[in-house]
Amino acid sequence: MRKQNMNRDWIATARTLSEALPYMQRYSGAVVVVKFGGNAMGDDEAMAEFARDIVLMKQVGIHPVVCHGGGPMINDLLARLGIESRFVRGKRVTTRETVEVVEMVLSGLVNKRIVQAINDAGGRAVGISGKDDDLMVCEPDDPELGFVGRPVEMNVQIIRDLYAAGLIPVIAPVATGMEDNETFNVNGDTAAGAIAGALKADRLLLLTDVAGVKDATGEVLTAMNPDQVRAMIEDGTIAGGMIPKTETALKAIEEGVRAVVILDGRVPNASLLELFTEHGAGSLIRSTEPRVKPRGLRQGGSGL
């Protein structure tokens, strides 16, 4: 007869699962939009880990919706094709020629790679773009940037139909325009925020390559309200690439998203840490900020 060795790691795993139960119950039936991007997209192990996290969310009753970027992959293919990239104020100019490459990379290579990773992890993922069923209709964001779009009309019923059928939507940030045969490249964070707002999502998770929003001393802030975020943008505490992310968060909250979290996608199981643990992860932005207990407790009613 074989004796069982109660390894401490197994016991710790069981305890972690038990402690996660209240959070799983609170998020059951919730819509969580996850923006996936950054360095993690180019790492097979990180991709597989992200996929397992998304499948676990679905398994416990959450409706995850994945929106992704793909800038490094676009740069790589443009370079291989000998197409020169031009930038205005740090933003890529998307010409009619380059928007075709953008669509190939985002809707093809990147989107299907994420779909395959989720399916390999035991999930049921379906890849679409903002063009499908006119999900995302755009106008030019800035004439100098060419075919870079700003969402002006959202039709998210296709997303609801997919997650209601037990599927995990994976969305490429490529959109249609107001005119026939128009294609727009949309910033991944912007697209995720617009989708979350249209769905009135319970959470928008913006996975990035930094730990979160930092104060003037360099410490990561775990919880903020919109007024505090605006003040930090105004005084320069929030600067550089964090400005568009926090602006996306503010707009999403205005449109009905209950809370937005900016967190480090390089941290193992970052999304699960945020949703299912007491301490959470990254920087949470919502209209009512918990001030007594750690924000990971998600006080009040459903805790969402």
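**Concerning the overall build of the chain**
Scanning the chain for helices and strands turns up nine helices and 14 strands. Expressed as a percentage of its 304 residues, the buried residues of the chain come to 49%. Put simply, of all contacts in the chain between residues at least 6 apart along the chain, 70% involve residues at least 24 apart. When the accessible surface of the chain is split by element, carbon and sulfur atoms take 50% of a total near 14,800 Å².

**Things to note about unusual backbone geometry**
At Asp134, a position not held by glycine, the phi torsion is positive, near 50°. Of note, Asp134 is situated in the loop between strand S5 (125-129) and strand S6 (136-140). With phi around 55°, Lys200 is a residue other than glycine that occupies positive phi space.

**Points about helix H6 (residues 188-199)**
In this model H6 runs 16 Å from its N-terminal to its C-terminal C-alpha over twelve residues, within 8% of the 16 Å that 1.5 Å per residue would give. Those residues of H6 that sit buried are Gly188, Asp189, Ala191, Ala192, Gly193, Ala194, Ile195, Ala196, Gly197 and Leu199. Among the residues of H6, the N-terminal cap falls to Asn187, whose side-chain oxygen and the backbone nitrogen of Asp189 are separated by 2.9 Å. Downstream of H6 by a residue or two, Lys200 has a phi angle that is positive, lying close to 55°.

**Remarks on the packing of helix H5 (residues 157-164) against H6**
The axes of two packed helices give the description: the angle between them and the distance between them. It is the contact of H5 with H6, at a shortest axis distance of 10 Å, that shows an interaxial angle of 75°. When the axis of H5 is compared with that of H6, the two are roughly perpendicular. In this structure, H5 uses Ile159, Arg160 and Tyr163 to contact H6, whose residues at the interface are Ile195, Ala198 and Leu199. Looking at side-chain class alone, the contact of H5 with H6 contains five nonpolar, no polar and one charged residues.

**What to know about helix H3 (residues 71-81)**
Among all positions in H3, only Met73, Ile74, Leu77 and Leu78 are buried. One side of H3 carries all its buried residues, which in axial view fall inside an arc of 130°. Every exposed residue of H3 that faces more than 90 degrees away from the buried side is listed here: Pro72, Ala79 and Arg80. The elements touched by buried residues of H3 are strand S4 (91-92) and helix H4 (96-120). Positive phi appears at Gly82, one or two residues downstream of H3, with a value of about 75°.

**Re a negative patch on the surface**
On the surface, Asp132, Asp133, Asp134, Glu153 and Asp161 cluster together into a patch of negative charge. Take Asp134: its relative accessible area is 40%, and that puts it in the partly exposed class.

**Re the packing of aromatic side chains**
Inspection of every chain in the model, using the stated rule, returns two aromatic pairs. Geometrically, the ring pair formed by Phe36 and Phe50 is stacked, given 3.9 Å between the ring centres and 5° between the ring planes. One end of the pair, Phe36, is in strand S1 (residues 31-36); the other, Phe50, is in helix H2 (residues 44-59), and 14 residues separate them in sequence. Residue Phe50 is classed as buried on the basis of its relative accessible area, which comes to 6%.

**Some words on the sheet that holds strand S9 (residues 174-177)**
Consider a sheet: its strands pair through backbone hydrogen bonds, and that pairing is either parallel or antiparallel. An order of S7-S6-S9-S10 is seen for the four strands of this open sheet, with the pairing classed as mixed. Two strands in the sheet have a free side with no partner beyond their single neighbour: strand S7 (149-154) and strand S10 (183-185). Strand-to-strand twist in this sheet, taken as the mean axis angle between neighbours without regard to direction, amounts to 50°. Looking at chain direction, S6 and S9 are connected through two bridges and run parallel. Among the inter-strand pairings, Cys138 is bridged to a residue of S9, identified as Gly177. The strands that H4 touches are S9 and S10; relative to S10, the one it contacts most, it runs at about 70°.

**Things to note about the confidence of the model for the chain**
Low pLDDT marks stretches whose predicted atomic positions should not be read closely. When pLDDT is averaged across the chain, the result is 87; 88% of the residues are at 70 or more. Every residue in residues 289-303 scores below 50 in pLDDT, and together they form 43 contacts with partners more than four places removed in sequence or on other chains.

**Examining the side chain of Thr94**
Along the chain, the position of Thr94 falls in the loop between S4 and H4. When neighbours within four sequence positions are excluded, Thr94 is seen to be in contact with Val99, Leu145, Gly146, Phe147, Val148 and Asn185.

How each quantity is defined
- Residues numbered from 1 in each chain as written.
- Predicted model: local features only at pLDDT ≥ 70, side-chain atom pairs only at ≥ 80, totals over all residues.
- Heavy atoms only, no water.
- Helix = DSSP H or I, 4+ residues; strand = E, 2+ residues; numbered from the N terminus.
- Buried < 20%, exposed > 50% of the residue type's maximum accessible area, 1.4 Å probe, protein only.
- Contact = heavy atoms within 4.5 Å.
- Areas by Shrake-Rupley, 256 points an atom, 1.4 Å probe, with all protein chains shown as cover.
- Expected span 1.5 Å × (residues − 1).
- Polar contact = N/O pair within 3.5 Å; in protein donor to acceptor, adjacent residues only side chain to side chain.
- Axes fitted to C-alpha atoms, helices over the stretch in contact; angles between N-to-C directions.
- Parallel < 35°, antiparallel > 145°, perpendicular 65-115°, else oblique.
- Nonpolar A, V, L, I, M, F, W, Y, C, P; charged D, E, K, R; others polar.
- Arc of directions from axis to C-beta.
- Patch = residues over 30% accessible without salt bridge, like charges linked within 9 Å, V, L, I, M, F, W, Y side chains within 5 Å.
- Salt bridge = Lys/Arg side-chain N within 4 Å of Asp/Glu carboxyl O.
- Lys, Arg positive; Asp, Glu negative; His and termini not counted.
- Charge placed at Lys NZ, Arg CZ, Asp CG, Glu CD.
- Phe/Tyr/Trp six-rings, centres within 6.5 Å; stacked < 30°, edge-to-face > 60°.
- Pairing = 2+ DSSP bridges.
- pLDDT = per-residue confidence, 0-100.

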